[in-house]
Amino acid sequence: MPFSALGIIDHLRKALAEEGYKSPTPIQAEAIPVILDGNDLLACAQTGTGKTAAFALPVLQLLYQSHIHGEKRKIRCLVLTPTRELAIQIGESFTAYGRHAGLASTVIFGGVNQNPQTERLVRGVDILVATPGRLLDLIGQGHLHLRDIEYFVLDEADRMLDMGFIHDIKKVLKALPKKRQSLFFSATMPPEILKLAAAILHNPKEIMVTPVSSTVEIINQHILFVDRENKNGLLAHLLRERDIESALVFTRTKHGADKVAKFLARHDISAEAIHGNKSQNARQRALGNFKTRETRVLVATDIAARGIDIDELEYVINVDLPNIPETYVHRIGRTGRAGNRGTAFSFCNAEEKEYLRDIEKLIAKKIPIIGDHPFPMVNFEVEEPTPAVTKKGNAGHQEPKPKQPQTQKPADPAAKRPGRKRRFFGKQG
Ligand code: AMP
């Protein structure tokens, strides 16, 4: 189906053609007509499904169609999103899709000097993409108000709550006009999210796309059993042997991410780590270097990687398996996007075997094992989680002990499982 069948106007279609988008993704096909018709929307969709364009395109179109030429710009659309990285990416999407429509957007987020942001606001924008803290800050200082908002998008609502933004969201809601169109996106729909959605939306249409387990079906997945102390060696081997030019590598901890990046650098494989302890600038720089292929490997923790959107990323490597199976799906979902090829390698040591079992249960399939590699597992027993240096003892190559699985799991794992069909406001999505 072409974008024209959804009623998308020429100015936007031209930009989409320039982006190389040929047809809408499922969430776009479902959401765009609903939004163009003026409905509120409750959408259960995760990153990688094309959800940004699913809201950005119809919002741009509605703004364009009601824009009065020559009138001073006012902020008519607010997109609230949890992280700077996501905010920047959403801002880039609005700029790319709207480049022929004559609308102006900008992005505001914390951790950087506010002056360039306020100066941009003074020049006037139609669309504002913001993280909650900086938004409230600038409202408090009188640099902007939300009285003219006609379209409000809450993106990654579940992540917002996880990050403790609920009070900020409530404050933002108070500053919005009652009459508006609201679009609510979340990867999962636990009860607290539905409660928040009910407070924001009026008679929403509900859409649920790409259950989590089917997203990963197009990705080639492999498991490599390896002892903890050999994981870095195996990583270097894999990168070389398979000629992997670019890979996103996941570790469980910030410390682990730094260690992996240093190990690779010592072995002449350019690598940078990205995690919450790094400054905003350092993270953006690392991401930029990775996107331009200056750095071969980007090592990330789950939080830091949230929202990272890299076109044509083919490889994801899990040096540590996550203890929450949905995290595995989010990680490997960074590759194989929008129909591209994707490959995920995951290293599993003795302690992580039970995480692997949980993951295979969630995705409802066995992940093929690569047994033929130079670091086969010899420690089959689960070690006691105390010593930092084992008998084999190469402390420099050690990964932190995984936590016991129960400690981080949600009380009801199904409650966090986007792959399950669930009811939102009584109707099946
Ligand atoms: P998102 O889920 O919004 O983070 O988008 C995931 C990726 O898919 C981004 O790299 C988009 O540029 C890309 N994308 C979104 N819509 C389409 C489309 N219709 N055709 C091709 N690529 C797309």
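Just so you know, these numbers come straight off a predicted model, no measurement behind them.

1. Notes on the sheet that holds strand E1 (residues 41-44)
Consideration 1: Sheet architecture is open: seven strands sit in the order E3-E4-E2-E5-E6-E1-E7, paired in parallel fashion. Looking at strand neighbours, the two that pair on one side only are strand E3 (105-108) and strand E7 (205-208), the edges of this open sheet. Sheet twist, expressed as the mean angle between neighbouring strand axes with direction ignored, is 15 degrees.
Consideration 2: Taken together, the four bridges between E3 and strand E4 (residues 127-130) define a ladder with parallel strand orientation. Counted as the bridge partner of Ser105 is Ile127 from E4.
Consideration 3: Its contacts with the sheet place helix H4 (residues 84-97) against strand E2 (77-80), E3 and E4, and it is angled at close to 175 degrees to E3.

2. Brief notes about the sheet that holds strand E13 (residues 342-348)
Consideration 1: With parallel pairing, the six strands of this open sheet are ordered in space as E8-E13-E12-E9-E11-E10. Edge strands, defined here as strands with exactly one partner in the open sheet, are strand E8 (219-225) and strand E10 (271-274). Averaged over neighbouring strand pairs, the angle between their axes works out to 20 degrees when direction is ignored.
Consideration 2: With four bridges connecting them, strand E9 (residues 247-250) and strand E12 (residues 315-318) associate as parallel partners. Counted as the bridge partner of Phe250 is Asn318 from E12.
Consideration 3: Strands in contact with helix H12 (residues 254-266) are E9, E10 and strand E11 (297-300); relative to E10, the strand with the most contacts, it is inclined by about 170 degrees.

3. Topic: the packing of aromatic side chains
Consideration 1: One pass over the structure, following the stated rule, counts four aromatic pairs.
Consideration 2: Ring plane angle 45 degrees and centroid distance 6.3 Å describe the contact between Phe55 and Phe94, whose orientation is recorded as tilted. One end of the pair, Phe55, is in helix H3 (residues 51-66); the other, Phe94, is in helix H4, and 39 residues separate them in sequence.
Consideration 3: Under the relative-accessibility criterion, Phe55 is labelled buried at 0%.
Consideration 4: On the basis of relative accessibility, which here comes to 2%, the residue Phe94 falls in the buried class.
Consideration 5: Here the aromatic cluster, defined as three or more aromatic residues joined through ring pairs, consists of Phe55, Phe94 and Phe185.
Consideration 6: Lying across the ring of Phe225, Lys353 places its NZ or CZ 5.4 Å from the centre.

Conventions and cut-offs
Residues numbered from 1 in each chain as written. Predicted model: local features only at pLDDT ≥ 70, side-chain atom pairs only at ≥ 80, totals over all residues. Heavy atoms only, no water. Pairing = 2+ DSSP bridges. Helix = DSSP H or I, 4+ residues; strand = E, 2+ residues; numbered from the N terminus. Axes fitted to C-alpha atoms, helices over the stretch in contact; angles between N-to-C directions. Contact = heavy atoms within 4.5 Å. Phe/Tyr/Trp six-rings, centres within 6.5 Å; stacked < 30°, edge-to-face > 60°. Buried < 20%, exposed > 50% of the residue type's maximum accessible area, 1.4 Å probe, protein only. Lys NZ or Arg CZ within 6 Å of the ring centre and 35° of its normal.

Any functional reading would require information that these geometric values do not contain.
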